[in-house]
Amino acid sequence: MSGPVTLTRFARDRFAGLSRAWSQVWFQDSPTSPLELTRIGVGGALLLHYALAIPHLFDLWGDAGWMPRDVVLGIRDPWMQSVFYYFGAPWEWVAFHGLFLLCCAALMVGWRTSWVKWIVLVGQISYDYRNPTLTYGVDWIAASLLFILCVAPVGRALSLDRVRAVRAVKVRELDARLPPYSSAWAGACTRLMQIQMAVAFFYSAISKLGAGIWWSGDAVWTVFTVDGYYNRIILDALASHYWLVNLATYGTILIEIAFPFLIWQRSTRPYLLAAAIFLHLQFALLMGLFYFSFVMIMGHMSFVRPEWLTRLGAAWKRAIGEMEMIYDGRCGFCVRSMVWFLAFDGLGQIKTRNFRTDPSPIVTDAQMEKALYLVLPDGRALPGFEAYRYVVPRVPGLWWQVPLFYVPLLSRLVGRPLYNWIASHRSLLSSMEAALSPGHRDNSER
Amino acid sequence: MIWYRWRQRLTYLVMSAFVAWHTLAMVIAPAPDSSVLVRTLRAALQPYLTFFRLDNPWNFFAPTIGGAQLRYSLEDAAGAQHSFTPTEQLNWFHPDYLWFRDWHSAIADDPELYADRAGALLCRKHAALRPVSITFVQYEQRSFTPADQLSGKHPMDPEFVRVNTVKTVQCPAP
């Protein structure tokens, strides 16, 4: 009797051990921040790339363009689908291209991410399959990364969706904080993207190891003699110092073969990541493969450890120092403006003080009646427009406002009077806002 | 409570099945079809790989690095020849540099599929020259050594290229 019981217990222990290992590899609770970096980069790269295709839209993917529809339908596999197979009128191409570009922009900034990412994936696949002659490495990696982004819970950090979620919490309570998102599924999707990058490097190395030109160490020379990548200055340098060709050829193989094996270890990851990024920067600068290199580097962002980003954020916060914004809590318009402003402060760099309930020892109430104030660590107090102008470049979530606040002369010329007018009319603006949205809660006196 | 626990287990199972399936797809897609195992797995994965455009070889610049340039010559109504090297007008920093090069490769590699449409488009583009025909010519690059570079030669010099006539396309009568 004890034999089968022992065997059952052994099998159960083994299974439990395997199950734990499986969960450890795939389902560790993780934030989405590495995937968000990929989302921002891939979204931006696709936006720029396809925006530059606007003048060639009908040449590249139209029925009267380079690839006749009957040709592509004749050579395609039934599982290859493209929305362009079903279009008839030119406006449909234009409308889809416009929608696709808007969705790329939305993906980049993380607005309505949960559904725009699917439109971007459908678009990428549709462009590829409508004219397969145009696809090369970047289209392979872009589609692969987009698919993983689609199944991943992206948009939960470094995004407008996150800003909206934080705002929704702060509307109820200005000092409330929304905890950072993390989940086991985010960890699994990050792992999938890491495996995708490792697989790409592994097979790239394997294909090179099977080629004589790479074994002989001459591949990089040949690349730069090819018409598409010809560069007289580089070729002169390589011809004079041919050992550089051997070094670059074998170095490329070495990085590509080492990457899938050494990228997983905590101690070697920074070096392998740096080497892979260095390799792609070379492709961009020396071969003009800017789009490809950028998308590959964004794929590598999945290897960025969330704690690196946390440490970077903490270091930034320390370097900038604490900032305290003092506002008028009796003014509904001011409070709602603060809610929006703070929703972009992902690092929590700005502290707030309502002078009506908690007077400042530095700024008098009389001063506060005129404008919002920002108190800096050294005790300086900046009023109104100058306060915003100081904060914007120091809070990463507000960097998009830098062009508005830092246009030489114009920003101050327009910004100061505009701020002063708003500050002096804030009661009127609050009552107008209340009248326009009768359902809103009065946030004053917090 | 029991339903919640079972739902959690089911979710975990579905997530595990998906990551296992997708990882298998990522690994099998570029694998050479030399073994029965790979061929069998590929047959099961192929619809998924194709539909989501995941079927990628990842063989950058291997096994060969081929260099070629497509040019075309236009014959006008008077019988005069006009030669064009389209890639010379392209900007290295713009994506159309690669789009046009890819299109040219497709024309040279498979003229029966692509040359007629390309010829028709070029006849229309150069209508002012009253073209009669367009002849595509591929300049295929051959070995170019460091010594050639140091002696001031260029990889596209006649001695380093083999010229192949790809196809002649007749322009429609105006």
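Residues numbered from 1 in each chain as written. Chains lettered and ligands numbered in written order. Predicted model: local features only at pLDDT ≥ 70, side-chain atom pairs only at ≥ 80, totals over all residues. Heavy atoms only, no water.

*Asks:* Explain the overall build of chain B here, please?
*Replies:* In terms of regular secondary structure, chain B is built from five helices and four strands. Against the compact-globule benchmark of 16 Å for 174 residues, chain B has a radius of gyration of 25 Å, which places it well outside the compact range. Dimensions of chain B along its principal axes, counting C-alpha atoms only, are 90 × 50 × 35 Å. Residue burial in chain B is summarised as follows: out of 174 residues, 45% are buried. (Helix = DSSP H or I, 4+ residues; strand = E, 2+ residues; numbered from the N terminus. Rg over C-alpha atoms; globule rule 2.2 N^0.38 Å. Buried < 20%, exposed > 50% of the residue type's maximum accessible area, 1.4 Å probe, protein only.)

*Asks:* Would you take a moment to explain the sheet that holds strand β4 (residues 350-354) of chain A for this structure?
*Replies:* Paired through their backbone hydrogen bonds, the strands of a sheet run either parallel or antiparallel. Residues and elements named next belong to chain A. Spatial strand order, β4-β3-β5-β6: four strands in an open sheet with mixed pairing. Every interior strand has two partners, whereas the edge strands, β4 and β6 (381-383), have only one. Ignoring strand direction, the axes of neighbouring strands in this sheet form an average angle of 25 degrees. Direction of pairing for strand β3 (residues 323-327) relative to β4: parallel, over a ladder of five bridges. Within β4, the position partnered with Ile326 by the bridge is Arg353. Packed onto the sheet, helix α19 (residues 384-391) meets β3, β4, β5 (373-375) and β6 and runs at close to 115 degrees relative to β6. (Pairing = 2+ DSSP bridges. Axes fitted to C-alpha atoms, helices over the stretch in contact; angles between N-to-C directions. Contact = heavy atoms within 4.5 Å.)

*Asks:* Sorry if this is basic, but what is going on with the pattern of salt bridges here?
*Replies:* When the charged atoms of two side chains lie near each other, side chains of opposite charge can form a pair. Under the counting rule described, the total for this entry stands at 22 salt bridges over all chains. In this structure, the salt-bridge partner of B:Asp116 is B:Lys167, at a minimum N-O distance of 3.1 Å. You can see B:Asp116 sitting in helix α4 (residues 111-125) and its partner B:Lys167 sitting in strand β4 (residues 161-170), a full 51 residues away along the chain. Beyond isolated ion pairs, a larger network of salt bridges with shared partners links A:Asp63, A:Arg69 and A:Arg130. (Salt bridge = Lys/Arg side-chain N within 4 Å of Asp/Glu carboxyl O.)

*Asks:* Is there a simple way to explain the nonpolar core in this structure?
*Replies:* Soluble globular proteins tend to pack their nonpolar side chains together in the buried interior. Grouped together as the largest cluster of nonpolar side chains are 135 residues, with contacts concentrated most on A:Trp61 and B:Phe136. Broken down by element, this core gets its largest block of residues, 11 residues, from helix α9 (residues 184-209) of chain A. Counting the residues that make up this core, at least three belong to each of domain 1 (2-60) and domain 2 (68-170) of chain B. In this structure, A:Met325, A:Val335, A:Ala343 and A:Tyr388 belong to the second largest nonpolar core, which totals 37 residues. (Core = buried A, V, L, I, M, F, W, Y, C linked by side-chain atoms within 4.5 Å. Domains from an automatic or database assignment.)

*Asks:* How should I be thinking about the interface of chain B and chain A in this particular structure?
*Replies:* One frequently used descriptor of interface size is the decrease in accessible area upon assembly of the parts. Between chain B and chain A, the contact holds 60 residues from the first and 75 residues from the second. On the chain B side of the contact with chain A, B:Arg53, B:Trp58 and B:Trp99 bury the most area, a combined 14% of that side's loss. The salt bridge involving A:Asp227 is made with B:Arg101; its shortest N-O contact spans 3.0 Å. For the side of chain B that touches chain A, the secondary-structure elements that each account for two or more residues are α1 (2-28), α2 (36-51), α3 (96-109), α4 and α5 (146-150) of chain B. Counting residues per element, the side of chain B that touches chain A draws most heavily on α1(B), which supplies 10 residues. Looking at side-chain class alone, the side of chain B that touches chain A contains 38 nonpolar, 16 polar and six charged residues. (Buried area = accessible area lost by both parts, 1.4 Å probe. Nonpolar A, V, L, I, M, F, W, Y, C, P; charged D, E, K, R; others polar.)

*Asks:* For this particular structure, what's the right way to read the side chain of B:Lys167?
*Replies:* Residue and element names in this part refer to chain B. Given a relative accessible area of 16%, Lys167 falls into the buried group. Within the local environment of Lys167, its side chain forms a polar contact with the side chain of Glu112, the two groups lying 3.5 Å apart. With residues up to four places along the chain from it excluded, the contact list for Lys167 reads Pro111, Glu112, Ala115, Asp116, Ile134, Thr135 and Phe136. (Polar contact = N/O pair within 3.5 Å; in protein donor to acceptor, adjacent residues only side chain to side chain.)

*Asks:* Looking at this structure, how should I read the state of the cysteines?
*Replies:* Where two cysteines share a covalent bond between their sulfur atoms, that bond is called a disulfide. A full pass over the atoms with the stated rule returns two disulfides over all chains. Covalent S-S linkage joins A:Cys331 and A:Cys334, the inter-sulfur distance amounting to 2.2 Å. The S-S bond linking A:Cys331 to A:Cys334 shows a torsion near 85 degrees; that makes this disulfide right-handed. By the burial criterion, A:Cys331 is buried, and A:Cys334 matches it. In this model, B:Cys123 is linked to B:Cys171 through a disulfide, with the two sulfur atoms separated by 1.9 Å. (Disulfide = S-S within 2.5 Å.)

*Asks:* Quick question: what am I supposed to make of the pairing of strand β2 (residues 81-84) of chain B here?
*Replies:* Side-chain direction in a regular strand flips from residue to residue, so the side chains alternate between the two faces of the sheet. Residue and element names in this part refer to chain B. Two elements, strand β1 (residues 68-76) and β2, share four bridges in a ladder whose sense is antiparallel. Bridge pairing in β2 places Tyr72 opposite Phe84. Between β1 and the antiparallel strand that follows it, β2, lie four residues; Gly79 among them carries a positive phi value of about 90 degrees.

*Asks:* Can you help me understand the packing of helix α2 (residues 33-51) of chain A against α9(A) in this one?
*Replies:* For any two helices packed against each other, the geometry is given by the interaxial angle and the distance between the axes. All names here are of chain A. α9 packs onto α2 with a crossing angle of 55 degrees between their chain directions and a minimal axis gap of 9 Å. Our classification of the angle between α2 and α9 gives oblique. Note that α2 runs across α9; the crossing there is left-handed. Residue-level contacts link Pro34, Leu35 and Thr38 of α2 to Ala186, Cys189, Thr190 and Met193 of α9. (Parallel < 35°, antiparallel > 145°, perpendicular 65-115°, else oblique. Left-handed = near helix turned anticlockwise from the far one by under 90°.)

*Asks:* Looking at this structure, how should I read unusual backbone geometry?
*Replies:* Excluding glycine, most residues fall at negative phi; most peptide bonds, likewise, are trans. With an omega dihedral of 0 degrees, the bond running from B:Ala62 to B:Pro63 counts as a cis peptide bond. Secondary-structure assignment places B:Pro63 in the loop between α2 and β1. Despite not being glycine, A:Leu409 has its phi angle at roughly 65 degrees, a positive value. Locating A:Leu409 in the fold gives a position in the loop between α20 (402-405) and α21 (410-424). Residue B:Trp58 is not a glycine yet carries a positive backbone phi of 55 degrees. As for its placement among the helices and strands, B:Trp58 is situated in the loop between α2 and β1.

Structural measurements only, silent on function.
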